[in-house]
2 protein chains.
Amino acid sequence: MKRDLRSVFGEVIRELRDARGLSQQELADYSETDRTYISDLERGLNYPSLNTVYKIAQVLEIMPHKLIEKVDKLYFSQTSVS
Amino acid sequence: MKRDLRSVFGEVIRELRDARGLSQQELADYSETDRTYISDLERGLNYPSLNTVYKIAQVLEIMPHKLIEKVDKLYFSQTSVS
DNA sequence: TTGTGACTGTAAGTCCGTC
DNA sequence: GGACGGACTTACAGTCACA
């Protein structure tokens, strides 16, 4: 089955967050969002809005287009397996 | 004054849409969104959600991260002029 | 530290128009 | 072809409590 764009995005930010040694709480605080919302995003329950993407990217110290590039690679590399 | 992220995004997709010779109506149809919403986005009235970004990018035949890269360049190159 | 349910508010997104 | 308005529905966004 094809992985959802949301799931891929969640996977990417979780990876980056872990790499920075940040907790969901810290990422939420610094990006002025909510911890439970970060949790939701990482579990692929929502599509973030563009400004949320930018706020998160800033805290994760990555250029937004670089973050999206990671998402693209995972998302478009998928083979359509049932 | 600092240009809004929404305005920058709108500017970028309008530029790309014009370059493809597409009308707002066509972009809306192919990306399965609404014509008035495309108009709103181009005028910087909304932040699109991530999946909207991806749907639009696909129609504009550009990788999402390349689209965001264009936004980044315009957005972050801004000097904080009052 | 994170997942999750319940809840609320606002913004994204659609559809109907007119100019 | 595009700006703009109104009304509407859905989904994102944010808060709190609890395991």
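As shown above, the structure is provided for reference.
Residues numbered from 1 in each chain as written. Chains lettered and ligands numbered in written order. Predicted model: local features only at pLDDT ≥ 70, side-chain atom pairs only at ≥ 80, totals over all residues. Heavy atoms only, no water.

> Sorry, what's going on with helix α4 (residues 50-59) of chain A here?
For the α-helix, the turn length of 3.6 residues means that residues three or four positions removed from each other point alike. All names here are of chain A. Burial of α4 is extensive: seven of the 10 residues sit out of reach of the surface. Of all the residues in α4, the buried ones are L50, T52, V53, Y54, I56, A57 and V59. Downstream of α4 by a residue or two, E61 has a phi angle that is positive, lying close to 55 degrees. (Buried < 20%, exposed > 50% of the residue type's maximum accessible area, 1.4 Å probe, protein only. Helix = DSSP H or I, 4+ residues; strand = E, 2+ residues; numbered from the N terminus.)

> I tried to follow the protein's contact with DNA strand C on my own but got confused; where do I start?
Taken together, 20 residues lie near DNA strand C, and R43(A), Y37(B), N46(B), S49(B) and T52(B) sit nearest. Across the atoms of DNA strand C situated within 4 Å of the protein, the share located in sugar and phosphate is 65%. Take R14(A): an N or O atom from its side chain is 2.7 Å from a phosphate oxygen of DNA strand C. In the environment of DNA strand C, a phosphate oxygen lies 2.8 Å from a nitrogen or oxygen atom belonging to the backbone of Y47(B). Of all the secondary-structure elements, those providing two or more residues to the surface near DNA strand C are α1 (5-20) and α3 (35-42) of chain A together with α3 (35-42) and α4 (50-59) of chain B. Taken together, the residues that form the surface near DNA strand C break down as three nonpolar, 10 polar and seven charged. (Near = heavy atom within 4 Å. Polar contact = N/O pair within 3.5 Å; in protein donor to acceptor, adjacent residues only side chain to side chain. Nonpolar A, V, L, I, M, F, W, Y, C, P; charged D, E, K, R; others polar.)

> I tried to follow the protein's contact with DNA strand D on my own but got confused; where do I start?
The immediate surroundings of DNA strand D are formed by 20 residues, with D34(A), T36(A), Y37(A), S49(A) and R14(B) found nearest. Within the side chain of T52(A), an N or O atom sits 3.0 Å from a phosphate oxygen of DNA strand D. One of the side-chain N or O atoms of R43(B) is found 2.7 Å from a phosphate oxygen in DNA strand D. Among the secondary structure elements, those contributing two or more residues to the surface near DNA strand D are α3 and α4 of chain A together with α1 (5-20) and α3 of chain B.

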